Amino acid sequence: MERTVTVEPEAGLHARPASKLVQTANRFDADVSIGRDGDGDDDLVRADSMLSVSGLNVEHGESVRVVAEGPDAEAALDAVCDLLTSPVEEADGEAKTDGGDAEDAS
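Residues numbered from 1 in each chain as written. Predicted model: local features only at pLDDT ≥ 70, side-chain atom pairs only at ≥ 80, totals over all residues. Heavy atoms only, no water.

Novice: So what exactly am I meant to see when it comes to the overall build of the protein chain here?
Specialist: Along the protein chain, the regular secondary structure elements total 5 helices and 4 strands. Along the protein chain, helices (α) and strands (β) appear in the sequence β-α-β-β-α-β-α-α-α when read from the amino end. Here the protein chain, with 106 residues, has 37% of them falling under the buried criterion. Long-range pairs, those at least 24 residues apart, make up 72% of the contacts in the protein chain with a sequence separation of at least 6. Accessible surface computed for the protein chain: about 6000 Å², of which carbon and sulfur atoms make up 43%. (Helix = DSSP H or I, 4+ residues; strand = E, 2+ residues; numbered from the N terminus. Buried < 20%, exposed > 50% of the residue type's maximum accessible area, 1.4 Å probe, protein only. Contact = heavy atoms within 4.5 Å. Areas by Shrake-Rupley, 256 points an atom, 1.4 Å probe, with all protein chains shown as cover.)

Novice: What's the story with the nonpolar core in this structure? I'm lost.
Specialist: Nonpolar side chains tend to gather and get buried jointly when the protein is soluble and globular. In terms of nonpolar packing, the biggest core is built from 27 residues, with Leu21, Val32, Ile34, Val64, Val66 and Leu84 touching the most fellow members. Taken together, the elements giving at least two residues each to this core come down to α1 (15-26), β2 (31-36), β4 (63-69) and α3 (73-84). Dropping the residues within four chain positions of it, Val32 is found in contact with Ala25, Val45, Arg46, Ala47, Asp48, Val66, Val67, Ala68, Ala76 and Val80. (Core = buried A, V, L, I, M, F, W, Y, C linked by side-chain atoms within 4.5 Å.)

Novice: Sorry, what's going on with the side chain of Ser86 here?
Specialist: Here Ser86 lies in the loop between α3 and α4 (88-91). Reaching out from Ser86, the side chain makes a polar contact with the backbone oxygen of Asp82 at a distance of 2.8 Å. (Polar contact = N/O pair within 3.5 Å; in protein donor to acceptor, adjacent residues only side chain to side chain.)

Novice: I'm lost on the sheet that holds β4 in this one. Help?
Specialist: The strands making up a sheet associate through hydrogen bonds between their backbones, and the pairing can be parallel or antiparallel. Read from one edge of the open sheet, 4 strands run β1-β4-β2-β3, paired in antiparallel fashion. On the outer flanks of this sheet lie β1 (2-6) and β3 (45-46), each paired with one strand and no other. Note: β1 against β4, 5 bridges, orientation antiparallel. Across the sheet, Glu2 pairs through a bridge with Val67, a residue of β4. On the sheet, α3 packs against β1, β2 and β4 and is oriented at approximately 160° with respect to β4. (Pairing = 2+ DSSP bridges. Axes fitted to C-alpha atoms, helices over the stretch in contact; angles between N-to-C directions.)

Right under this line is the structure:
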């Protein structure tokens, strides 16, 4: 199974979003791979490896292809694609405020 989605987190697949993706992929009994849309199967990397995922250097707004195989493939695709298409703040359950918190701290 595979899907193509546009990466929404502002940081792309670096640091925190990449870490969340790896944690999500590891929750399922499925082999999940990811790569840039348009690249061949040889360019896909394992989604359970932080080094591989962050090494893709995928930026906000780029399209990626997510491939999953195994008993939990559909659930893994759903979870990984939901993460990729949600801003980090929403994916973490932390809604961003309008910035008023910084002013309240004075």
